[in-house]
Amino acid sequence: MTQNIYQRLGLKRVINACGKMTLLGVSSVAPEVMEATAQAATAFVEIDRLVDRCGERVARYTGAEDSYITSCASAGIAIAVAAAITRGDPARVAIMPDSAGMANEVVMLRGHNVDYGAPITSAIRLGGGRVVEVGSSNLAARWQLESAVTPLTAALLFVKSHHCVQKGMLSIADFVAVARQHDLPLIVDAAAEEDLHAWVASGADMVIYSGAKALNAPTSGFVTGNKRWIDACKAQHNGIARAMKIGKENMVGLVFALENNRPGQTAITAARLRPVAEAISAIRGLAADIEQDEAGRAIWRVRVRVDASVLGMDAREVEAQLRGGEIAIYARRYNLHQGVFSLDPRTLAEGEMALIVARLKEIAEHAAD
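Figured I'd write up the structure that's included with this text. (Residues numbered from 1 in each chain as written. Predicted model: local features only at pLDDT ≥ 70, side-chain atom pairs only at ≥ 80, totals over all residues. Heavy atoms only, no water.)

Strand-to-strand pairing in sheets goes through backbone hydrogen bonds, with the strands running parallel or antiparallel. Taken in spatial order, the seven strands of this open sheet run β2-β8-β7-β6-β5-β3-β4, and their pairing is mixed. If you trace the sheet from one side to the other, it starts and ends with β2 (66-70) and β4 (130-134), each paired once. Within the sheet, the average angular offset between the axes of one strand and its neighbour, ignoring direction, is 25°. As paired strands, strand β3 (residues 105-109) and strand β5 (residues 153-159) are joined by three bridges and run parallel to one another. Its bridge partner being in β5, Glu105 is matched across the sheet by Thr153. Strand contacts of helix α8 (residues 172-181): β3, β5 and β6 (186-189), with the helix running at about 170° to β5, the strand carrying the most contacts. (Pairing = 2+ DSSP bridges. Helix = DSSP H or I, 4+ residues; strand = E, 2+ residues; numbered from the N terminus. Axes fitted to C-alpha atoms, helices over the stretch in contact; angles between N-to-C directions. Contact = heavy atoms within 4.5 Å.)

As structure tokens, this is what we get:
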């Protein structure tokens, strides 16, 4: 079998059944997108004009007034927070992230205060923000959000992610209403969302996406929304965003990925995954079924339950052996403590699911020896 570029560097081949995760390189970029990226890398361009043109192109697909391209979604959070605090004032931009004496509080639900590989609070602080949590970890009320707004509030932040608590939280409509009532910008972190219209249409002022997660683009992200706030994001280019700048080639790659994006065409249905679940369930000590994404998206995965009393090893051991083999197979491991791991088909190449099933059979057979 031909080695990929990482194997030629002496690294393991990786089968990614985990999803679009930063620790595995997020996504696989289409050849035609990489061709556009390569062409962009070979020529010079007026960067400020490229920033504006790419933002305009992205906004066509989001329904927003304008967009600003960033290096990633985390950078987008920091830049959007800085935009809310400075409102584009050059004097304020120049001293960020030192926001002393400014309205710098960012109000968010406690159930949305997540870690996606780094704490979301780190990105907020990089933008000069100070986090104000609302509600309990599993329950929040509208009055709590309203009472958290003070003269020191710079913005409200709503996080849409499978990492968040999914029950007992306030809706985006609640956040929009409170933001409008107090004339505050509403920031939405929709990093991994594939619907590029819904969050702008909801009334959010700045919506943040990961280009790599949402569009299978080269490493990139963008903030899309109202022109007033996107202009304030662009102003950060002379401040904190300088350390987060994205190259010309990845800006072009993002735009070409967006223009070649065909939402829903490659969606994998639950029906397509049932034969896989049946094959895994035929393995001693394993039982598989189909689960939907935690955040309610139309994403279906194979959930594998390990019966330790039959197999002689628990889910943690099986998952560790998957990762530790000659080919490193990564599964979603959020529920290992419940004896379960999941397989996400979206990031698998042709034939890789069959390799995973074969490896699970091998692990089960060795456990019986």
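Of note, Ser71 is situated in the loop between β2 and α4 (73-86). A relative accessible area of 17% places Ser71 in the buried class. At 2.9 Å, the side chain of Ser71 forms a polar contact with the backbone oxygen of Met244. (Buried < 20%, exposed > 50% of the residue type's maximum accessible area, 1.4 Å probe, protein only. Polar contact = N/O pair within 3.5 Å; in protein donor to acceptor, adjacent residues only side chain to side chain.)

Before going further, it helps to spend a moment on the pattern of salt bridges. The full count for this structure, using the stated rule, is 25 salt bridges. Here Arg13 and Glu352 are joined by a salt bridge, their closest N and O atoms 3.3 Å apart. Of this pair, Arg13 sits in the loop between α1 (5-8) and β1 (14-17) while Glu352 sits in helix α16 (residues 352-368), and the two are 339 residues apart along the sequence. Of the two residues examined, Arg13 and Glu352, each falls in the buried class. The shortest N-O distance in the salt bridge between Glu362 and Arg359 comes to 2.7 Å. You can see Glu362 and its partner Arg359 sitting in helix α16, three residues apart, about one turn around the helix. Where salt bridges share partners, they join Lys20, Glu194, Asp293, Glu294, Arg301, Arg332, Asp344 and Arg346 into one cluster. (Salt bridge = Lys/Arg side-chain N within 4 Å of Asp/Glu carboxyl O.)

By themselves these figures say nothing about function.
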